[in-house]
Amino acid sequence: MSAPATTEKPFHLQGNFAPVTEEVTGTDLPVEGAIPPELSGLYVRQSANPVTGTSPHWFMGEGMVHGVRLEAGRAAWYRNRYVKTPYLENPDVQRISNEGVIDRTVSKANTHVLKHGGKILALEEGSFPYVLDDQLETVGWTDYDGKLTSAFSAHPKICPVTGEMLSFGYGQFEPYLVYLRVSPDGKLVQSEEITVTGPTMMHDFAVSEKHALFLDLPVVFSLEDALKGTMPFRWSDDYPARIGVMPRTGGNADVKWFDVEPCYIFHTLNAWDEGNTVVLDACHNTEVWRSAGDMQGEGKLTLRRFRFDLETGNAKEETLDDRPMEFPRVAAGVVGQKNRYGFTLRLDTGSDEPEFVGVLKSDLQTGKSELHDYGAGRNSSEPVFVTAQGADPNSDEGWVMSYVYDEGSGKSELVVLDATDMAKAPVARVTLPQRVPYGFHGSWIPDSE
Ligand SMILES: [Fe+2]
């Protein structure tokens, strides 16, 4: 998919992983096909785009958002903007003082971007959120009026029933985990310290309508790697693998912990309640980062289902699909509810860099799946599913949106697929004025939000 990695340059600085150097604005973008007119809003996605041109790890570049505004069937503009954090002024800025105090305003702000409580938030899991305006310019960091005293996850969940944003912060120093609940109007209304085994790297979590699920898994902070300036987390054979289930308004004493087989989960697909059982679907690695915090496939990546019985305390696990897939997404309207469909990037694993195959729609009711292959040398980033106006949020009526890079032309597009027929050619392809590097997570932000 890109030039083979050399000893001089790691994969994340080559091909379409490499950063772009300019902030560009393009208007009235060329469109092939027809953008569904009801798609009025902003598609925006994060990436790590090292400001110096280099970084020790794919996850460690400075955050740059790439956005396309759609309105009434036209692609009004494309903008890419750095999140204006202290790293842009000084790439060597220190975020931990000599006394060991972390300055959480010093964020890479590079992992996810979403809207909640009327604000667009650029998120990175070690820091405070950064607020962006609707032109993707940086407003500044927020600590929720001084109430946020921990890190804030890049993977909060917005409940479609209550409008709350459920989140957490983890850290390498105690408290290792804090649960956070933000009201629909953007007030931090609950912070709970949760006891975990140690400094686990909790990249994601999950919520059902009634519960929050915490992943206390054996990838833990490594001081040795931190001092080397690289990804400071490693697999540990000594650390237990547990998943905690807590009522969403509960606290530490209410968490029920379930032992699971040793694994690491970067991303959950969804969770829901079934009577006294909580079900969790996740992209499940049997092992990661034993020898180094890189992307090498040391374990097996599959889609896995857990069932946690709150009455008996028993946990069950089963593989739903043994093919590697990542960047899982469901419709915004089914977060925390039993979902029929899931959307992921199909990967080939085992090499130094992730190889993207296409976007997979999994029907978890029938067990069937459909792949959209974007064509030879054409690779998609994370797919975002957008439910069609007025459709049942648990249906597949809607669109899959993502940035696609064409190795042949060196150009990027915003591609819109009809999710009811994944094999069909895209309904719309928006040509972008510059290459959009492979990145992480993003959102469709409708004008109605
Ligand atoms: Fe993530």
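Everything quoted here is computed from the prediction, not taken from an experiment.

The number of helices and strands found in the chain is two helices and 33 strands. A globule of 449 residues ought to have a C-alpha radius of gyration of about 22 Å, and the chain, at 20 Å, matches this closely. Seen along its three principal axes, the alpha-carbon backbone of the chain occupies a region of about 55 × 50 × 45 Å. For the chain, long-range pairs separated by at least 24 residues make up 54% of all intrachain contacts whose partners lie at least 6 apart in sequence.

The four strands lie next to each other as S14-S15-S18-S19, forming an open sheet whose pairing is antiparallel. Edge positions in the sheet fall to strand S14 (206-207) and strand S19 (256-259), since each of these pairs with one other strand and no more. Direction of pairing for strand S15 (residues 211-216) relative to strand S18 (residues 242-247): antiparallel, over a ladder of six bridges. Opposite Leu 215, over in S18, you have Ile 243 as the bridge partner.

Attention now moves to unusual backbone geometry. Across the junction of Glu 174 and Pro 175, the peptide omega takes the value 0°, indicating a cis bond. Here Ala 72, not a glycine, exhibits a phi torsion of approximately 50°, which is positive. By the element assignment, Ala 72 lies in the loop between strand S4 (63-71) and strand S5 (74-82). A positive phi angle, near 70°, is found at Leu 136, a position not held by glycine. By secondary structure assignment, the location of Leu 136 is in the loop between strand S8 (130-132) and strand S9 (138-141).

A few words now on the sheet that holds strand S11 (residues 165-170). Taken together, the four strands give an open sheet; going across it, the order is S10-S11-S12-S13, and neighbouring strands pair in antiparallel fashion. Looking at the sheet topology across the chains shown, the edges are occupied by strand S10 (157-158) and strand S13 (188-193). As judged from the five bridges shared by strand S12 (residues 177-182) and S13, these two strands associate in the antiparallel manner. Paired with Leu 180 across the strands is Ser 191, a residue of S13.

Our focus in this paragraph is the pairing of strand S7 (residues 119-123). Buried residues dominate S7, accounting for four of its five residues. As judged from the five bridges shared by strand S6 (residues 112-116) and S7, these two strands associate in the antiparallel manner. From the neighbouring strand, Val 113 faces S7, where its bridge partner is Ala 122. Taken together, S6 and the strand that follows it, S7, pair antiparallel across an intervening segment of two residues, in which Gly 117 is found at a positive phi of about 60°. Pairing analysis gives three bridges linking S7 to S8, with the strands arranged antiparallel. The partner of Leu 121 across the bridge, within S8, is Val 131.

Among the nonpolar cores identified, the biggest contains 120 residues, and Ala 122, Leu 177, Leu 213, Phe 214, Val 219 and Met 401 are the most heavily contacted of them. In this structure, Val 219 is in contact with Thr 200, Met 201, Phe 233, Arg 234, Trp 235, Tyr 264, Val 288 and Trp 289, ignoring residues within four places of it in sequence.

Looking now at the pairing of strand S3 (residues 41-48). With eight of eight residues buried, S3 is to be regarded as a mostly interior element. Examined bridge by bridge, S3 and S4 share eight bridges and lie antiparallel to one another. Following the sheet pairing, Ala 48 is matched in S4 by Gly 63. For S3 and strand S33 (residues 442-446), the ladder comprises five bridges, and the chain directions are antiparallel. When the bridges of S33 are listed, Leu 42 appears paired with Ile 445.

Turning our attention to the confidence of the model for the chain. Note: predicted coordinates in regions of low pLDDT should not be interpreted at a detailed level. Looking at the chain, pLDDT values average 94 and 96% of them are 70 or higher. Segment residues 1-6 is flagged for pLDDT under 50; beyond a separation of four residues in sequence, or across chains, it makes 15 contacts in the model.

Moving on, we get to the environment of Pro 91. Its place among the elements puts Pro 91 in the loop between helix H1 (86-89) and S6. A count of 13 C-beta atoms within 10 Å places Pro 91 in the partly exposed class. Placed 29 residues apart in sequence, Pro 91 and Glu 62 show a C-alpha to C-alpha distance of 8.8 Å. Contacts of Pro 91, omitting those with residues within four sequence positions, involve Val 51 and Thr 52.

Before going further, it helps to examine the environment of Ala 331. Relative to the elements of secondary structure, Ala 331 occurs in the loop between strand S24 (325-329) and strand S25 (341-348). Since 27 C-beta atoms lie within 10 Å of it, Ala 331 is described here as buried.

Considering the arrangement of structural elements, one finds Val 196 in the loop between S13 and S14. Residue classification places Val 196 among the buried positions, given that 24 C-beta atoms sit within 10 Å. Residues Val 196 and Ile 243 lie 47 residues apart in sequence; the distance between their C-alpha atoms is 9.9 Å.

Analysis parameters
- Residues numbered from 1 in each chain as written.
- Predicted model: local features only at pLDDT ≥ 70, side-chain atom pairs only at ≥ 80, totals over all residues.
- Helix = DSSP H or I, 4+ residues; strand = E, 2+ residues; numbered from the N terminus.
- Rg over C-alpha atoms; globule rule 2.2 N^0.38 Å.
- Contact = placed C-beta atoms within 7 Å.
- Pairing = 2+ DSSP bridges.
- Buried ≥ 20, exposed ≤ 12 C-beta atoms within 10 Å, placed from the backbone.
- Core = buried A, V, L, I, M, F, W, Y, C linked by C-beta atoms within 7 Å.
- pLDDT = per-residue confidence, 0-100.

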